[in-house]
Amino acid sequence: MPEHQVNQEDYSLDYNDPAFNRNFEQNNHPLDQSSLKTSSVMTCFRQQIKGTQVSLSIDSVIVEEPLQISLIYSDSSGKEQERIYLVTMRTPGEDLNLVTGLFLAEGIIKSACDITGINDQLDANEISANKIVVRLAANVVVDWDLISRDTTSFSSCGVCGKSSIQSLELRDIPYLDTAERWLPSHVIPHFSDQLRQYQSMFMQTGGVHGCALFDAKGALLLSSEDVGRHNALDKLIGKLARDPALDQQRKIVFLSGRISFELVQKVLVSGISVLVAVGAPSNLAINMAKRFNLTLIGFSRNGGFNVYHGTFRLNLTTE
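Rules and cut-offs
Residues numbered from 1 in each chain as written. Predicted model: local features only at pLDDT ≥ 70, side-chain atom pairs only at ≥ 80, totals over all residues. Heavy atoms only, no water. 1 Å grid on protein atoms, 1.4 Å probe; cavity = no way out; pocket = protein on both sides within 12 Å on 5 of 7 lines; lining within 4 Å. Points joined across faces, edges and corners; volume = space filled by probe spheres on them. Helix = DSSP H or I, 4+ residues; strand = E, 2+ residues; numbered from the N terminus. Nonpolar A, V, L, I, M, F, W, Y, C, P; charged D, E, K, R; others polar. Pairing = 2+ DSSP bridges. Axes fitted to C-alpha atoms, helices over the stretch in contact; angles between N-to-C directions. Contact = heavy atoms within 4.5 Å. Expected span 1.5 Å × (residues − 1). Buried < 20%, exposed > 50% of the residue type's maximum accessible area, 1.4 Å probe, protein only. Core = buried A, V, L, I, M, F, W, Y, C linked by side-chain atoms within 4.5 Å.

Residue-level account of empty space enclosed by the protein, with values.
Tallied over the full model, the rule gives 4 cavities of 30 Å³ or more. Contributing to the lining of the second largest cavity are His209, Gly210, Cys211, Arg229, Ala232, Leu255, Ser256, Gly257, Arg258 and Leu263. If you list the elements that add at least two residues to the lining of the second largest cavity, you get strand S8 (209-215) and helix H7 (229-241). Examining the composition of the lining of the second largest cavity, we find that 3 residues originate from one element, S8, more than from any other. Residue classes in the lining of the second largest cavity are distributed as 4 nonpolar, 4 polar and 2 charged.

Listed below in structure tokens is the structure:
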């Protein structure tokens, strides 16, 4: 089913998710949702200047705040440990989707089921909107020696400097379906307009990146927004991973900006075989698409697009 158009409440943590209910009920800590929800958009005063005319008005701006992500995991002896994984800048909301997508992309987990709890050891008054403690299943092995990143990243960076094509090849990359001609080419130029209808934060502020998941008929299934383009994609992939009714076969990820190596990496790990964007791909993004046989499409605008690899998945006939 296509995703419903969103409102402001959709950008807060969804504590109706079973992962939250399960763990808070076990510890008898009722959750005050109103104290945890944070706004994704705020207002400010601005001076608008046109020539010599100055006017005062109110503007809407996107919220950017840090999120500290900590892990509760079992070490090699089976003893429970807690450690800060990183601090990242993001737009508040959908934090569970964000960490799920991030952990999948980083290889910390292999499925959404590897996350068994959120903030389950905290009292209600200890829970912060900008901190999240993620409990991993006992069988998940966290090799900190292989996590070669600082504990601070930024919304424009993602996994910059950490990975390479060679390191990606060492991981369990899902097999990409090589079926031919399943994606009608005429639906691709409409992705951008469809996504825009679900970008409530962009319409208010103009200051966020967006991405969406489409099916082969061109129907929008999921969408996400964030001040960071990497975060927006992590949230989208996290949604997909946590939705048992959806799978990655014959699905398309659409991005509102350019295509970098890190974004291709995240799409590959998710098992999606087609990536489309409004903007341009980098040379390393193209090289990675060729190496793993991803259909890579850029400059999807004004009724046309460029294919950099994987034309075989497109049906170029007109209806």
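Explain the sheet that holds strand S9 (residues 220-226) to me, using residue names and the numbers behind them.
Strands sit in the order S9-S8-S10-S11-S12-S13 across an open sheet of 6 strands; the sheet is mixed. Lying at the two open borders of the sheet, with one neighbouring strand each, are S9 and strand S13 (304-309). With strand direction ignored, the average angle separating the axes of adjacent strands in the sheet is 20°. As paired elements, S8 and strand S10 (residues 251-255) share 5 bridges and run antiparallel to each other. Its bridge partner being in S10, Asp215 is matched across the sheet by Lys251. This element, H7, spans S8, S9 and S10 of the sheet and lies at about 145° to S9.

Can you explain H7? Please cite residues and give values.
Over its 13 residues, H7 extends 18 Å from the first C-alpha to the last, a length consistent with the 18 Å expected when each residue adds 1.5 Å. Counting buried positions along H7 gives 12 out of 13 residues, so the element sits mostly inside the fold. The set of residues buried in H7 consists of Arg229, His230, Asn231, Ala232, Leu233, Asp234, Lys235, Leu236, Ile237, Gly238, Lys239 and Leu240. In this fold, the buried residues of H7 make contact with strand S4 (80-90), helix H3 (95-106), S8, S9, S10 and helix H8 (261-270).

Give a detailed account of the nonpolar core, specifying residues and quantitative values.
With 52 residues, the main nonpolar core has Leu71, Phe103, Val134 and Leu136 as its most contacted residues. Considering every element that reaches this core, the biggest residue donor is H3, with 6 residues. Apart from residues no more than four positions distant in its own chain, Leu71 is found in contact with Gln81, Glu82, Arg83, Tyr85, Phe103, Ile108, Val134, Leu136, Val142 and Trp144. Listed in part, the 18 residues of the second largest apolar core include Leu183, Phe191, Val274 and Val276.

Give me the lowdown on H3, citing residues and values where you can.
The first and last C-alpha atoms of H3 sit 16 Å apart over 12 residues, in line with the 16 Å expected at 1.5 Å per residue. Among the 12 residues of H3, 12 are classified as buried, and the element is accordingly described as predominantly covered. Buried within H3 we find Asp95, Leu96, Asn97, Leu98, Val99, Thr100, Gly101, Leu102, Phe103, Leu104, Ala105 and Glu106. Where H3 terminates, the next one or two residues include Gly107, which has phi positive at roughly 80°.

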